[in-house]
Structures are given as C-alpha cells and as structure tokens.
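Below are the chains, spelled out letter by letter.
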Amino acid sequence: MTRTVARIEYDAVVLAGGRAARLDGTSKAGLVVGGARLLDRALAASARARRVAVVGPPELASALPVRDPASGYAGSAPLLTREDPPFGGPVAGLAAGLRALPDPGAPWVLLLAVDVPGAARAIVHLEEAVSREPVDGAYLVHEGRAQWLVGLYRRAALDRGLDGIETDGAPMKRLVGALRCAEVPDPAGWSDDIDTPADVARYRKDER
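Residues numbered from 1 in each chain as written. Predicted model: local features only at pLDDT ≥ 70, side-chain atom pairs only at ≥ 80, totals over all residues. Heavy atoms only, no water.

1. Focus: the overall build of the chain
No. 1: From N to C terminus, the chain includes six helices and nine strands.
No. 2: Per-residue burial over the chain gives 49% buried out of 208 residues.
No. 3: Relative to all contacts within the chain whose residues are 6 or more apart in sequence, the contacts with residues 24 or more apart total 74%.
No. 4: Summed over its atoms, the accessible surface of the chain is roughly 10200 Å², and 51% of this surface lies on carbon and sulfur atoms. (Helix = DSSP H or I, 4+ residues; strand = E, 2+ residues; numbered from the N terminus. Buried < 20%, exposed > 50% of the residue type's maximum accessible area, 1.4 Å probe, protein only. Contact = heavy atoms within 4.5 Å. Areas by Shrake-Rupley, 256 points an atom, 1.4 Å probe, with all protein chains shown as cover.)

2. Things to note about the nonpolar core
No. 1: Val-13, Leu-39 and Val-54 are the most contacted members of the largest nonpolar core, which totals 65 residues.
No. 2: It is strand 6 (residues 108-113) that provides the largest number of residues to this core, a total of six residues.
No. 3: For Leu-39, the contacting residues outside a window of four places in its chain are Ala-29, Val-54, Leu-60, Ala-63, Leu-64 and Val-114. (Core = buried A, V, L, I, M, F, W, Y, C linked by side-chain atoms within 4.5 Å.)

3. Observations concerning empty space enclosed by the protein
No. 1: Following the criterion strictly, the structure yields one cavity of 30 Å³ or more and no others.
No. 2: Forming the walls of the largest cavity are Arg-41, Ala-42, Ala-45, Leu-112, Ala-113, Val-116, Pro-117, Gly-118, Ala-119 and Ala-120.
No. 3: The greatest single-element share of the lining of the largest cavity, amounting to three residues, is contributed by helix 1 (residues 38-45).
No. 4: Residue composition of the lining of the largest cavity, by class: eight nonpolar, one polar and one charged. (1 Å grid on protein atoms, 1.4 Å probe; cavity = no way out; pocket = protein on both sides within 12 Å on 5 of 7 lines; lining within 4 Å. Points joined across faces, edges and corners; volume = space filled by probe spheres on them. Nonpolar A, V, L, I, M, F, W, Y, C, P; charged D, E, K, R; others polar.)

4. Side note on the pattern of salt bridges
No. 1: Scanning the model with the defined rule gives seven salt bridges in all.
No. 2: The partner of Arg-82 in a salt bridge is Glu-83, with the nearest N and O atoms 3.4 Å apart.
No. 3: Exposure remark for Arg-82: the relative accessible area of 25% places this residue in the partly exposed category.
No. 4: In this structure, the salt-bridge partner of Arg-132 is Glu-128, at a minimum N-O distance of 3.8 Å. With Arg-132 and Glu-128 both in helix 3 (residues 123-132), this residue pair falls four residues apart, about one helical turn. (Salt bridge = Lys/Arg side-chain N within 4 Å of Asp/Glu carboxyl O.)

5. What to know about the packing of aromatic side chains
No. 1: Within this structure, the stated rule accounts for one aromatic pair.
No. 2: Arranged with centres 6.5 Å apart and planes meeting at 65°, the rings of Tyr-139 and Trp-148 form a pair that is edge-to-face.
No. 3: Tyr-139 gets classed as buried once you look at its relative accessible area, which sits at 9%.
No. 4: Over the ring of Phe-87 we find Arg-82; its NZ or CZ atom is 5.0 Å from the centre of that ring. (Phe/Tyr/Trp six-rings, centres within 6.5 Å; stacked < 30°, edge-to-face > 60°. Lys NZ or Arg CZ within 6 Å of the ring centre and 35° of its normal.)

6. A short note on the sheet that holds strand 5 (residues 79-81)
No. 1: Taken in spatial order, the seven strands line up as 5-4-1-6-8-7-9 in an open sheet, and their pairing is mixed. Looking at which strands have only one partner, the edges of the open sheet turn out to be strand 5 and strand 9 (181-185). Mean inter-strand twist for the sheet, computed between neighbouring axes without regard to direction, equals 25°.
No. 2: The sheet contact formed by strand 7 (residues 137-142) and strand 8 (residues 145-154) spans six bridges and is antiparallel. Note that in strand 8 the partner of Ala-138 across the bridge is Leu-152.
No. 3: Contacts from helix 3 reach strand 1 (10-15), strand 6, strand 7, strand 8 and strand 9 within the one sheet, and its direction differs from that of strand 7 by about 130°. (Pairing = 2+ DSSP bridges. Axes fitted to C-alpha atoms, helices over the stretch in contact; angles between N-to-C directions.)

7. Remarks on unusual backbone geometry
No. 1: The amide bond that connects Asp-84 to the next residue, Pro-85, takes the cis arrangement and shows omega of 5°.
No. 2: Even without being glycine, Glu-143 reaches a positive phi, approximately 50°.
No. 3: Residue placement: Glu-143 occurs in the loop between strand 7 and strand 8.

8. Some points on the side chain of Glu-83
No. 1: Structurally, the position occupied by Glu-83 is in the loop between strand 5 and helix 2 (90-100).
No. 2: The buried category is assigned to Glu-83, whose relative accessible area is 4%.
No. 3: Within the structure, Glu-83 has its side chain in polar contact with the backbone nitrogen of Phe-87 (distance 2.9 Å).
No. 4: Look past the residues within four positions of Glu-83 in its chain and what remains in contact with it is Gly-17, Val-55, Gly-88, Ala-92, Gly-93 and Ala-96. (Polar contact = N/O pair within 3.5 Å; in protein donor to acceptor, adjacent residues only side chain to side chain.)

9. As for helix 3
Residues lying three or four places apart along an α-helix face the same way, a consequence of the helix completing one turn every 3.6 residues.
No. 1: Among all positions of helix 3, only Ile-123, Leu-126, Glu-127, Ala-129 and Val-130 are buried. Angularly, the buried residues of helix 3 cover 160° about the axis, an arc narrow enough to put them on a single face. (Arc of directions from axis to C-beta.)

No statement about biological role is implied by the geometric values presented.
Below, the structure written as structure tokens:
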C-alpha cells in the first residue's frame, strides 16, 4: 500500500561552519563521498525547501550553485551566512540561518548538518512524523543516539526556543529539549555523521 504523507512547507538550514578538528581542518563541505561533495548532498536533500540558508565560512560562496536551469541544480539558490561568533556551535548556526531566511518564512524548518551524507533518505519519515501528531518537530534516533541535526522543526517553536540562548554557547540538547518532538527511529544509520578520516574511509568502502 502506498504511504500518503501530508505535504509540509519548509525552509532549510544547512550547518557547514564547524572546525573539522578531527579531520585536520579539512572542510567537511568539500569532502567527496559517493561521487559528490557533502555540501552538494545536503543541498540535494533540501531541494524541496522554499529557501535554503547555508551557514559557513565566506569561502563557501564559490561552491554554492546558482539558480540556473543549465546548472542541473533543482532547488532554490541558497543563501550564505555565518554564525556569530564564528564556530559558535549549532545553536548559533541555526539562529544565523533563520535570520538569513526571508520573512515570512515557511512554517517548518529542515535542519541538516553538512556531514550527514545519508540524511536525504530520512526526510520523508520526518515529514510523516510531524504530520501525524501535533508536535514542535521530529529528529532521528539511531541506536539510542539522538541526531538533532537531522530534524524538521516548527519555525515558531525554534524562534521561541532560541530567544535568549543563541549567543551563550547553549548545546542543541537544551534547545530541542524544550520542544515537544517526535523521535524517528533510524535503524539504517541515515544519521551517521563524518567526523574522522576513519568515517570517510568507511563511507567510501561501503559505496564500492
């Protein structure tokens, strides 16, 4: 039987501003996995978003696709912004991304970390989760580990939750913990992220 999921209108925030310390500072956004840069995979995953804000360093500007039918990019031309302070963490990055999105924004926000190459497969499940009950959002959980950076959240709830905490280095757990969210099981490991050279090697080996 075909599963019917209510269409959710959302903007997207792609977090691409981390230090990548365990990758010797190599830009995660530019890492190639499965024949595509991680940034391109994140943008493809968010292609249905009304608008996309990428949070990262200025040098990413040249890596962003433009809205050009000849480019093969199907989504909206992404906006580039930076968290304040730089490397301020995912809460600061999310706040910067939301500020960059045009007003009024979509009622929902897809939040993606750039270093999660399998996130695209999870989005329909996140949409299904927020469609079936009145929640503030939904995120993946793999083997008991919450992956808040692959989530779909109500914009108004994020705005309320960020008020007063976006500049004090608060962890995502503090923000999401104040929201009523559905946990979406992730038995396939869609939420696995890339933090180390060993992670890169594992992903490339699995794709052979």
